[in-house]
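Structure at a glance
Here are the chains, one letter per residue:
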Amino acid sequence: MQYLLLIYRSDAEYGRMSADDRKAVTTEYGAYTQSIIQSGHFKAGDGLQPVSTATTVRVRDGKTMTTDGPFAETREQLGGYYLVEAKDLDTALGLAARIPGAKTGSIEVRPVMIYDNPR
């Protein structure tokens, strides 16, 4: 089964990090990513630009509306994700616990929807 591991962090805290600290985080994520590639769990993943670069799209009564930047004021923002293949939720939770961002932010683990494919 596939699970999406959503990485939440504080953009403000990340922005206050020194260049050396950001490099250390990048190195730690690189090592984690290589470990799940080698274990066969990795399907996809990437970091995201800060929430200030986001645009939210809504369609109401046929009219498209866009809002720049974050929609809700929260302490943590979606900073990246991994799509993994895991035999069960416990395995996915174990993979999530090893993500470097779990130490300072949070990781949401969500099963990917399986759609029936009628023929």
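This part takes up the environment of Y29. Tracing the sequence through the fold places Y29 in helix α2 (residues 19–39). Sequence separation of Y29 and R98 is 69 residues, and the distance between their C-alpha atoms is 9.9 Å. Those residues in contact with Y29, other than ones at most four positions away along the chain, are I7, Y82, I99, P100 and G101. At 3.0 Å, the side chain of Y29 and the backbone nitrogen of G101 are in polar contact.

The next point concerns the pairing of strand β3 (residues 55–60). Where β3 meets strand β4 (residues 63–68), 6 bridges bridge the pair, whose relative direction is antiparallel. Directly across from T55, in β4, lies its bridge partner D68. In textbook terms, the turn of a hairpin is the stretch between consecutive antiparallel strands, and for β3 and β4 this stretch comprises 2 residues, one of which, D61, has a positive phi near 55 degrees.

About the thresholds
- Residues numbered from 1 in each chain as written.
- Predicted model: local features only at pLDDT ≥ 70, side-chain atom pairs only at ≥ 80, totals over all residues.
- Heavy atoms only, no water.
- Helix = DSSP H or I, 4+ residues; strand = E, 2+ residues; numbered from the N terminus.
- Contact = heavy atoms within 4.5 Å.
- Polar contact = N/O pair within 3.5 Å; in protein donor to acceptor, adjacent residues only side chain to side chain.
- Pairing = 2+ DSSP bridges.

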